[in-house]
Amino acid sequence: MLGFILVMLLIGAVAGFLARLLVPGRDPMSAGATILLGIVGSFLGGFLGYVLVGKDVTEGALQPSGLVGSVIGAVIALLAASDRSHEVEPSPRRALPCGVRSTKQPPGLRRSGR
């Protein structure tokens, strides 16, 4: 059990580093986040191997994969995470009183101070 955890940490670190190297752009991540990315990529790669190739059907869909599958899965996970982080949240709008369409005035009109 301890050997499995150490191997997962090592493969996670290598796969996460390679995925961050392959995907263009800046990805500010700590070393722990890089290892977690590689571990998630390993299980994602194992799932893709199970679905697409039918590899190790007896072990089930949730299984870790080798280094190549881990890197492929980590790249997919990193692309999905970076795509979600660039979404723009809509700005909150103020409710206007009834009958008022806009608070902006047409150009050229001024309010007099009288």
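Structure shown above.
Let me begin by describing the structure that accompanies this report. Model, not experiment: these values are computed from the prediction.

1. Regarding helix H2 (residues 31–53)
- For H2, with 23 residues, the first-to-last C-alpha span of 32 Å sits near the 33 Å given by 1.5 Å per residue.
- Taken as a whole, H2 has its buried residues at Thr-34, Leu-37, Gly-38, Ile-39, Gly-41, Ser-42, Gly-45, Gly-46 and Gly-49.
- Phi for Gly-54, located one or two positions after H2, is positive at around 75°.

2. Focus: a nonpolar patch on the surface
- Together, Met-1, Leu-2, Phe-4, Ile-5, Leu-6 and Leu-9 make up a nonpolar patch on the protein surface, roughly 660 Å² of accessible area in all.
- Residue Leu-2 is classed as exposed on the basis of its relative accessible area, which comes to 61%.

3. Thoughts on the side chain of Ser-70
- Structurally, Ser-70 can be placed in helix H3 (residues 67–85).
- Here Ser-70 falls in the buried class, since its relative accessible area comes to 0%.
- Setting aside residues no more than four positions away along its own chain, Ser-70 makes contact with Ile-11, Ala-15, Gly-38, Gly-41, Ser-42 and Ser-65.

4. Points about the nonpolar core
- Judged by nonpolar contacts, Ala-15, Ala-19, Val-23, Leu-37, Val-71, Ala-74, Val-75, Ala-77 and Leu-78 together constitute the single largest core of 9 residues.
- Elements that contribute at least two residues to this core include exactly helix H1 (2–22) and H3.
- If one sorts the elements of this core by residue count, H3 sits on top with 5 residues.
- Sequence-distant contacts of Val-75, defined by excluding residues within four places in its chain, comprise Ala-19, Leu-22 and Val-23.

5. Considering the environment of Gly-38
- Position of Gly-38 among the secondary structure elements: in helix H2.
- On the accessibility criterion, Gly-38 (0% relative accessible area) is buried.
- Gly-38 sits 40 residues away from Leu-78 along the chain, and the two C-alpha atoms are 9.5 Å apart.
- If we skip the residues at most four places from it in the chain, Gly-38 touches Gly-12, Ala-15, Gly-16, Ser-70 and Ala-74.

Analysis parameters
- Residues numbered from 1 in each chain as written.
- Predicted model: local features only at pLDDT ≥ 70, side-chain atom pairs only at ≥ 80, totals over all residues.
- Heavy atoms only, no water.
- Helix = DSSP H or I, 4+ residues; strand = E, 2+ residues; numbered from the N terminus.
- Expected span 1.5 Å × (residues − 1).
- Buried < 20%, exposed > 50% of the residue type's maximum accessible area, 1.4 Å probe, protein only.
- Patch = residues over 30% accessible without salt bridge, like charges linked within 9 Å, V, L, I, M, F, W, Y side chains within 5 Å.
- Areas by Shrake-Rupley, 256 points an atom, 1.4 Å probe, with all protein chains shown as cover.
- Salt bridge = Lys/Arg side-chain N within 4 Å of Asp/Glu carboxyl O.
- Contact = heavy atoms within 4.5 Å.
- Core = buried A, V, L, I, M, F, W, Y, C linked by side-chain atoms within 4.5 Å.

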